[in-house]
Amino acid sequence: MKFIRYGKYTGEPADALDLEELIKRLGDFFLQSGFESQFYGVSQMDPERSMEALREAILRALQQGDLLPEDAMSDELREMLQDPGALNSQAVKDLLDKITERLANEGFINPQQPPQITPPPQTSARGQLGQPHERQPEARFEITDKTIDFLGFKTLQDLLGSLGRSSFGRHDTRDLSTGVESGGVSRPYEFGDTLNMDISATLFNAVRREGAKVPIEMTYSDLMVHQCEYHSSCATVVLLDCSHSMILYGEDRFTPAKRVAMALSHLIRTQYPGDTLSLVLFHDSAEEVPLGELARVQVGPYYTNTREGLRLAQRILLRQKKDMRQIVMITDGKPSALTLEDGRIYKNAFGLDPFVVSQTLEEVNKCKRAGIMINTFMLASDYSLVHFVQKITAMCRGKAYFTTPYTLGQYLLMDYMSRKTKQIH
């Protein structure tokens, strides 16, 4: 009789990998903003990523340990991963290929095959053509919205964890209105109120007036409605500086700023559904960028046109019918550029140019007249910059936070959720 012997299935090492933990560790790779490229000569404005670079980043994450369970790796594979020439091993290459395949299958990345190039004809009427020596295009990938959303959630989780317990909800005010959630004593119904009826109080009024009988006859004056706390809505524009100074001086300030903006987007979408959030990048000029593209933007060899950013932010906010309008400006440099009336860009990177400063403050004054508050998060502490930011704060009655890339997220989320009136310097 024929027998079939089955053994215990141990699985592949790639199947035992926690992809969410891997994505978290690859966050800096996915969100890189051009900081490394200034040292390695790579184009700073190329947001594309090659599959080969992704495999190298995954290998570095695996070499840090704790990603693959001990029982999922053989001693031979463990030694191969720690070898400086690990990418030359076929077993390691197969492992990295299976991990990238899992990332694609579960929707974290979107692989893009290189374009197919039709070779030229080998012969022509005048003779034979040689083989082309063009460099073969590399396979690329794009991170998906799932990855961007996950990184925003993880950043928000880490930031709130460092803040301790925080209460979620909408922005509370001192006013009461008739809504859905009860927050105060009942009152008589008035025309225009939400019909959030207090049934017990309404029936009691009718019984007290007519006596206990069936059917109970109710009149307009018997109606009682619940009161709840009035929740206001807020329109926010994140004004993000992407000038070259954000990656200079040996520090990457742009990637932490992107992380915080992604966390703020996740917070508003999940906890403040009535609010809106827009993103404006300002550099030599200014442009509105969809939040889904935030993870892919990079800095460039730009100046800082703060006034143009404020202009665009005003146009966006004035279209919003919200109770509150605010600009959250994240920058590390002084205004050094200005768009003239004829479209030309005036630039001066040396000191605080009086012309640029005066025109920028005039735009701040327009924000004040429009009822738009400006909260500034300054990633530098030069005396002249501090004085300039304090002027903006005083004019718009906003807040100024002089912080670092490491504490930016804590201050920004605390400000958005608590709406405190004090300034933090």
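Residues numbered from 1 in each chain as written. Predicted model: local features only at pLDDT ≥ 70, side-chain atom pairs only at ≥ 80, totals over all residues. Heavy atoms only, no water.

(A) Just the side chain of serine 278, in detail. The topology assignment puts serine 278 in strand S10 (residues 276-282). Overall, the relative accessible area of 12% leaves serine 278 in the buried class. For serine 278, the contacting residues outside a window of four places in its chain are Thr236, Val237, Val238, Glu288 and Ile316. (Helix = DSSP H or I, 4+ residues; strand = E, 2+ residues; numbered from the N terminus. Buried < 20%, exposed > 50% of the residue type's maximum accessible area, 1.4 Å probe, protein only. Contact = heavy atoms within 4.5 Å.)

(B) The arrangement of the nonpolar core in detail. Counting 63 residues, the largest nonpolar core has Leu22, Phe30, Leu54, Ile58, Leu62, Leu81 and Ile330 as its most contacted members. Membership of the second largest hydrophobic core comes to 27 residues, among which are Val357, Ala380, Leu385 and Phe388. (Core = buried A, V, L, I, M, F, W, Y, C linked by side-chain atoms within 4.5 Å.)

(C) Molecular detail of the confidence of the model for the protein. Looking at the protein, the pLDDT average stands at 76 and 74% of residues meet or exceed 70. Here residues 123-130 is modelled with pLDDT under 50, and outside its nearest four sequence neighbours on either side it reaches four contacts, counting other chains as well. Under a pLDDT of 50 for its full length, residues 162-182 has, in the predicted model, 55 contacts with residues more than four places off or in other chains. (pLDDT = per-residue confidence, 0-100.)

(D) View of the environment of histidine 226. Summarising the element assignment, histidine 226 is placed in strand S8 (residues 224-232). Sequence-wise, histidine 226 and isoleucine 199 are 27 residues apart; in three dimensions their C-alpha atoms are separated by 9.4 Å.

(E) Spotlight on the sheet that holds strand S12 (residues 324-331). Reading across from one edge, S11-S10-S9-S12-S15-S16 is the order of the six strands in this open sheet, with mixed pairing throughout. On the outer flanks of this sheet lie strand S11 (286-289) and strand S16 (400-402), each paired with one strand and no other. The sheet shows a mean angle of 20 degrees between the axes of neighbouring strands, direction not considered. As paired strands, S10 and S11 are joined by four bridges and run antiparallel to one another. Across the sheet, the residue bridging to phenylalanine 282 is alanine 286, located in S11. Contacts from helix H12 (residues 383-396) reach S12, strand S15 (373-378) and S16 within the one sheet, and its direction differs from that of S15 by about 160 degrees. (Pairing = 2+ DSSP bridges. Axes fitted to C-alpha atoms, helices over the stretch in contact; angles between N-to-C directions.)

(F) A look at the packing of aromatic side chains. Within the structure shown, the criterion is met by six aromatic pairs. Ring centres 5.7 Å apart and planes at 55 degrees place the aromatic pair phenylalanine 29 and phenylalanine 30 in the tilted group. Phenylalanine 30 shares its class with phenylalanine 29; the two are buried. Residues tyrosine 346 and phenylalanine 355 carry aromatic rings whose centres are separated by 5.6 Å and whose planes lie at 80 degrees to one another, so their mutual orientation is edge-to-face. Among the aromatic side chains, those forming a connected cluster through ring pairs are Phe29, Phe30 and Phe141. When the ring centre of phenylalanine 108 is taken as origin, the NZ or CZ atom of lysine 146, which lies over that ring, is 4.4 Å away. (Phe/Tyr/Trp six-rings, centres within 6.5 Å; stacked < 30°, edge-to-face > 60°. Lys NZ or Arg CZ within 6 Å of the ring centre and 35° of its normal.)

(G) Layout of the packing of helix H11 (residues 354-369) against H12. Direction vectors running N to C along H11 and H12 enclose 25 degrees, while the axes themselves pass 9 Å from each other. Between H11 and H12, the angle falls in the class roughly parallel. Both H11 and H12 take part in a crossing whose hand is right-handed. Residues Val357, Thr360, Leu361, Val364, Asn365, Cys367 and Lys368 of H11 form the contact with H12, whose own contacting residues are Phe388, Lys391, Ile392, Met395 and Cys396. In terms of residue class, the contact of H11 with H12 is built from eight nonpolar, two polar and two charged. (Parallel < 35°, antiparallel > 145°, perpendicular 65-115°, else oblique. Left-handed = near helix turned anticlockwise from the far one by under 90°. Nonpolar A, V, L, I, M, F, W, Y, C, P; charged D, E, K, R; others polar.)

(H) Broad picture of the pattern of salt bridges. For the coordinates displayed, the defined rule picks out 14 salt bridges. Arginine 55 is the salt-bridge partner of glutamate 52, the closest N and O atoms lying 3.6 Å from each other. Within this pair, glutamate 52 and its partner arginine 55 are both found in helix H4 (residues 51-63), separated by three residues, close to a single helical turn. Beyond isolated ion pairs, a larger network of salt bridges with shared partners links Arg209, Glu210, Lys213 and Asp222. (Salt bridge = Lys/Arg side-chain N within 4 Å of Asp/Glu carboxyl O.)

(I) Layout of a nonpolar patch on the surface. Taken together, the side chains of Ile199, Leu203, Val207, Ile216 and Met218 make up a nonpolar region of the molecular surface, amounting to roughly 410 Å² of accessible area. Tracing the chain through its elements places valine 207 in helix H8 (residues 199-210). (Patch = residues over 30% accessible without salt bridge, like charges linked within 9 Å, V, L, I, M, F, W, Y side chains within 5 Å. Areas by Shrake-Rupley, 256 points an atom, 1.4 Å probe, with all protein chains shown as cover.)

(J) Geometry of the environment of glycine 333. Summarising the element assignment, glycine 333 is placed in the loop between S12 and strand S13 (337-339). According to the relative accessible area criterion, glycine 333 is buried, its value standing at 15%. Taking the C-alpha atoms as reference points, glycine 333 and leucine 385, separated by 52 residues in sequence, lie 7.3 Å from one another. Apart from the residues lying within four places of it in its own chain, the contact partners of glycine 333 are Asp241, Met378 and Leu385.

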